[in-house]
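In case you want the letters, here they are:
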Amino acid sequence: MMGPAHSLSGAAAWLGVGAAAAAADRAMPWPVLVVGALICAGAALAPDLDHKSATISRAFGPVSKALCEIVDKLSYAVYKATKKPGDPRRTGGHRTLTHTWLWAVMIGGGASALAILGGRWAVLALLFIHMVLAVEGLLWRAARMSSDILVWLLGATSAWILAGVLDKPGNGSDWLFSAPGQEYLWLGLPILLGALVHDIGDALTVSGCPILWPIPVGRKRWYPIGPPKAIRFRAGSWVELKVLMPVFMLLGGVGGAAALNVI
Ligand SMILES: [Zn+2]
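Throughout what follows, the structure given in this document is the object of discussion. What you see is a predicted model; the values in this text were computed from it and never measured.

Before going further, it helps to spend a moment on the coordination of the zinc ion. Every protein donor of the zinc ion is listed here as Asp48 (OD), His99 (NE2), His198 (NE2) and Asp202 (OD), and their distances to the metal cover 2.0 to 2.2 Å. Every donor counted, the four donor atoms about the zinc ion form angles of 87 to 171° at the centre, which fits irregular coordination. Mapping the donors of the zinc ion onto the primary sequence gives the spacing D-x50-H-x98-H-x3-D. In this pair, Asp48 is assigned in the loop between α2 (30-43) and α3 (55-59) and His198 in helix α7 (residues 188-203), connecting sequence segments 150 residues apart. Like Asp48, the residue His198 is buried in the burial classification.

Structural data, given as structure tokens:
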């Protein structure tokens, strides 16, 4: 899928988690619902850091470009080192390492650890990165036509304001994990979920997605998961724009309303 569909599905998924949390008596305060949805929308672009023309690889100028090159090389090396006889030969790392459940768990866990150990500045950095990505993903064309610096400023100011809102008592910096010192431990959850939702979105497209790695399936360790070939679609096709995106919006709306106990 393309950036906007990935981001919308990420936001909808977090709103769905909000509905489930409300049903399980761990209701999210509204700032957790809103900030989590934005983080998840941004995180749903992250796995494509292995592709140099992807939104995320251009979002932070030379920094993300350099990171993209490293991630592509690393992914390719891991692919070559772990492939089984049934896995095809490849020339690059796109849609391999960063498109697996293990990667999602690792970056989600890493973000939680960073938020706990790194204190306020780490939380602000995580928020900044994901707010910039959310703007890129959700506002797409508008973000593309404005300068990078404006988008970064918007990301920085919204990170600062949202951290201020979350920090107020009862606003949810300690949602789900409420012991002292566990503030913002939950930040890893929308990041993990965003990556997984991205992988599932890619799995629906023509080439599938090796989500299960390193668990082997038959003669393949990088088995491309996906539905039967007949119902897969091409990235950016009308199915994505005219069917999936409105469905994500609808599901997100219903999930958000349920999360806030409006319905
Ligand atoms: Zn992808």
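So, about the pattern of salt bridges. Applying the stated rule across the entire model yields two salt bridges. The residue Arg95 makes a salt bridge to Asp202 at a minimum N-O spacing of 3.3 Å. Within this pair, whereas Arg95 is found in the loop between α4 (61-82) and α5 (101-145), its partner Asp202 is found in helix α7, the two being separated by 107 residues in sequence. On the basis of relative accessible area, Arg95 is assigned to the buried category, the value being 15%. Note that Arg120 and Asp167 form a salt bridge whose closest N and O atoms lie 3.2 Å from each other. Taken together, the positions of Arg120 in helix α5 and Asp167 in helix α6 (residues 148-167) put the pair 47 residues apart, joining distant regions of the chain.

Here the focus is the environment of Phe248. Locating Phe248 in the fold gives a position in helix α8 (residues 238-259). With relative accessibility at 14%, the residue Phe248 sits in the buried group. Residues Phe248 and Arg219, 29 residues apart in the sequence, show an inter-C-alpha distance of 35 Å. Setting aside residues up to four positions removed in sequence, Phe248 forms contacts with Met1, Ala5, Leu8, Ser9 and Ala12.

To continue, consider the packing of α2 against α6. Contact geometry for α2 and α6: axes closest at 9 Å, N-to-C directions at 150°. The handedness of the crossing between α2 and α6 comes out as left-handed. Of the residues in α6, those in contact with Trp30, Pro31, Val32, Val35 and Leu38 of α2 are Leu162, Val165 and Leu166. Residues of the contact of α2 with α6, tallied by class, amount to eight nonpolar, no polar and no charged.

A word on the nonpolar core. Trp14, Leu127, Trp186 and Leu187 are the most contacted members of the largest nonpolar core, which has 33 residues in total. Looking at this core, the elements with two or more residues in it are α1 (3-23), α2, α5, α6 and α7. If near-sequence neighbours (up to four positions away) are discounted, Leu127 is found in contact with Val35, Ile39, Ala159 and Ala163. Counting 14 residues, the second largest nonpolar core, distinct from the first, contains Leu49, Cys68, Val132 and Val135.

What follows covers the side chain of Asp87. One can find Asp87 in the loop between α4 and α5. Buried charge without a salt bridge: Asp87, with Lys220 as the nearest opposite-charge side chain at an N-O distance of 5.9 Å. Side-chain polar atoms of Asp87 contact the backbone nitrogen of Lys84, separated by 2.9 Å. Sequence-distant contacts of Asp87, defined by excluding residues within four places in its chain, comprise Tyr79, Arg219, Lys220, Arg221, Trp222 and Tyr223.

Let us now look at α8. In this model, α8 (22 residues) spans 30 Å end to end at C-alpha, consistent with the 32 Å of a helix rising 1.5 Å per residue. The principal kink in α8, of about 35°, is found at Leu244, preceding the proline Pro246 by one to four residues.

What follows concerns a positive patch on the surface. On the surface, a cluster of positive charge is contributed by Arg58, Lys65, Arg141 and Arg144. Since its relative accessible area comes to 36%, Arg58 is described here as partly exposed.

Bringing unusual backbone geometry into the picture now. For the bond running from Trp213 to Pro214, omega is 5°, close enough to zero to count as cis. Checked against the element boundaries, Pro214 lands in the loop between α7 and α8. Residues other than glycine seldom take positive phi values, yet Asp25 does so here, at roughly 70°. Looking at where Asp25 falls in the secondary structure, it is placed in the loop between α1 and α2.

A contiguous nonpolar surface patch, about 740 Å² in accessible area, is contributed by Trp30, Val34, Leu250, Val254, Leu260, Val262 and Ile263. Looking at the nonpolar patch, the elements that each hand over two or more residues are α2 and α8. Among the structural elements, Leu250 can be located in helix α8. Judged by its relative accessible area of 61%, Leu250 is exposed.

Rules used throughout
- Residues numbered from 1 in each chain as written.
- Predicted model: local features only at pLDDT ≥ 70, side-chain atom pairs only at ≥ 80, totals over all residues.
- Heavy atoms only, no water.
- Donors = N, O, S within 2.8 Å, 3.2 Å for Na, K, Ca; no water.
- Tetrahedral: all angles 85-135°; square planar, octahedral: opposite > 155°, others 65-115°.
- Helix = DSSP H or I, 4+ residues; strand = E, 2+ residues; numbered from the N terminus.
- Buried < 20%, exposed > 50% of the residue type's maximum accessible area, 1.4 Å probe, protein only.
- Salt bridge = Lys/Arg side-chain N within 4 Å of Asp/Glu carboxyl O.
- Contact = heavy atoms within 4.5 Å.
- Axes fitted to C-alpha atoms, helices over the stretch in contact; angles between N-to-C directions.
- Left-handed = near helix turned anticlockwise from the far one by under 90°.
- Nonpolar A, V, L, I, M, F, W, Y, C, P; charged D, E, K, R; others polar.
- Core = buried A, V, L, I, M, F, W, Y, C linked by side-chain atoms within 4.5 Å.
- Lys, Arg positive; Asp, Glu negative; His and termini not counted.
- Polar contact = N/O pair within 3.5 Å; in protein donor to acceptor, adjacent residues only side chain to side chain.
- Expected span 1.5 Å × (residues − 1).
- Bend = angle between axes of the 7 residues up to and from the residue.
- Patch = residues over 30% accessible without salt bridge, like charges linked within 9 Å, V, L, I, M, F, W, Y side chains within 5 Å.
- Areas by Shrake-Rupley, 256 points an atom, 1.4 Å probe, with all protein chains shown as cover.
- Charge placed at Lys NZ, Arg CZ, Asp CG, Glu CD.

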